[in-house]
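# Chain and residue survey
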Amino acid sequence: MAGVPEPAVLPGAEPFDLRGGGDGSTGVLLVHGFTGSPHSMRPWGDYLAAAGLRVSCPLLPGHGTRWQDMAATTWHDWYGAADAAFGELSRSCERVFVMGLSMGGTLTLRLAEEHGPRVAGAVTVNASLGTDRRIAALAPLLWRVMPTFPGVAGDIRAPGVREVGYSRVPTRAFVSLRELWALTRADLGRITCPVVAYRSTTDHVVEPTSGRLLLAGITSAPVEERLLHDSYHVATLDNDRETIFKGSVDFVTTHSPAGAPGRDEPRPDEPRRGHDG
């Protein structure tokens, strides 16, 4: 609506676009989690950019401001933003990898389902595909009388580390997340790119059920689960983050032409890029 100011973004929750020192041929789309923000992905993005990769991490609609803004959004909005960012990267990079945390992992899998060979590979960290909590099934009936429930942000084992995210979960948005889960689970067999799935052995947000569903559902592509023993849900900010970061760069290198991700010099016909877009 004209004259209505955009909601203020929380400090640290800003989207980012990083242009590493490589030749720009390989891009990585990072997708943050439900009620979270790009804050949980920034250290990962910095690591990937330092390895010479172009990195983009959008702020999903309704996130990074206040939970009331998220209550008015659905999975179509979140996926639409991730899909648009993927399209932009694809126009400037020869190959694009998609990587996500929690619901960002769900959206990452959905992008791989929808775009097929255009996705060079996918890395998920504690991707959510369902829940064992019985009350979740009642959410479609409860959202009018219980508009929010306690937040899930900040499940981190490392002392003193904080995640920029919401302290409340909009119930209506959670109902939409359940729709995304069902759709993504049903189409996991469409994924054809290689997948690495990191999973914390202790996670107070996403149960092991999601990991089992992911491994069982991907039937047309190589998939490998890697366990994290020293992190909780937000593993990208936790004790195992270096394991994730290094593993994702190795994954990109393995599934790219020799030397492509980390080239230090640009092509002769391409200007040198800085580290921040």
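So, a few notes on the structure that sits alongside this text. Because the structure is a prediction, the values reported are computed rather than measured.

Taking strand neighbours across the sheet as the criterion, the seven strands line up as 1-3-2-4-5-8-9 in an open arrangement whose pairing is mixed. The open sheet terminates on both sides in strands that have one partner only, identified here as strand 1 (16–19) and strand 9 (223–228). Across the sheet, the mean angle from the axis of one strand to that of its neighbour is 15 degrees, orientation sign disregarded. Inspection of the sheet shows strand 5 (residues 119–125) paired to strand 8 (residues 195–200) by four bridges, in the parallel sense. Bridging from a neighbouring strand, Ala 122 pairs with Val 195 of strand 8.

Counted under the stated rule, the structure contains two cavities of 30 Å³ or more. Computed from the structure, the largest cavity encloses a volume of approximately 100 Å³. If you list the elements that add at least two residues to the lining of the largest cavity, you get strand 8 and helix 7 (208–217). With four residues, helix 7 is the single largest residue contributor to the lining of the largest cavity.

Attention now moves to the nonpolar core. If you look at the biggest cluster of nonpolar residues, it comprises 40 residues, and the most contacted ones within it are Phe 34, Trp 78 and Ile 191. Elements supplying a minimum of two residues to this core: strand 2 (26–31), helix 3 (75–92), strand 4 (95–101), helix 4 (103–115), strand 5, helix 6 (171–186) and strand 8. No other element matches helix 3, which puts eight residues into this core. Excluding residues that lie within four positions of it along the chain, Ile 191 makes contacts with Leu 109, Ala 112, Glu 113, Ile 218, Ser 220 and Ala 221. Membership of the second largest hydrophobic core comes to 30 residues, among which are Val 196, Leu 228, Phe 245 and Val 249.

So, on to the side chain of Ser 248. Looking at where Ser 248 falls in the secondary structure, it is placed in helix 8 (residues 241–254). Owing to a relative accessible area of 0%, Ser 248 belongs among the buried residues under this scheme. A polar atom in the side chain of Ser 248 sits 2.7 Å from the backbone oxygen of Phe 245. Apart from the residues within four sequence positions on either side, Ser 248 is in contact with Trp 44, Leu 48, Met 99 and Tyr 198.

To continue, consider the packing of helix 1 (residues 42–50) against helix 8. Contact geometry of helix 1 with helix 8 gives a least axis separation of 10 Å together with a crossing angle of 40 degrees. Judged on the interaxial angle alone, helix 8 and helix 1 are oblique. The two elements helix 1 and helix 8 cross, and the hand of that crossing is right-handed. Residues Pro 43, Trp 44, Tyr 47 and Leu 48 of helix 1 form the contact with helix 8, whose own contacting residues are Arg 241, Glu 242, Ile 244, Phe 245, Lys 246, Ser 248 and Val 249. Split by residue class, the contact of helix 1 with helix 8 holds seven nonpolar, one polar and three charged.

Each value, and the rule that gives it
- Residues numbered from 1 in each chain as written.
- Predicted model: local features only at pLDDT ≥ 70, side-chain atom pairs only at ≥ 80, totals over all residues.
- Heavy atoms only, no water.
- Pairing = 2+ DSSP bridges.
- Helix = DSSP H or I, 4+ residues; strand = E, 2+ residues; numbered from the N terminus.
- Axes fitted to C-alpha atoms, helices over the stretch in contact; angles between N-to-C directions.
- 1 Å grid on protein atoms, 1.4 Å probe; cavity = no way out; pocket = protein on both sides within 12 Å on 5 of 7 lines; lining within 4 Å.
- Points joined across faces, edges and corners; volume = space filled by probe spheres on them.
- Core = buried A, V, L, I, M, F, W, Y, C linked by side-chain atoms within 4.5 Å.
- Buried < 20%, exposed > 50% of the residue type's maximum accessible area, 1.4 Å probe, protein only.
- Contact = heavy atoms within 4.5 Å.
- Polar contact = N/O pair within 3.5 Å; in protein donor to acceptor, adjacent residues only side chain to side chain.
- Parallel < 35°, antiparallel > 145°, perpendicular 65-115°, else oblique.
- Left-handed = near helix turned anticlockwise from the far one by under 90°.
- Nonpolar A, V, L, I, M, F, W, Y, C, P; charged D, E, K, R; others polar.

Note that every value here comes from positions in space, so none of it alone points to a role or purpose.
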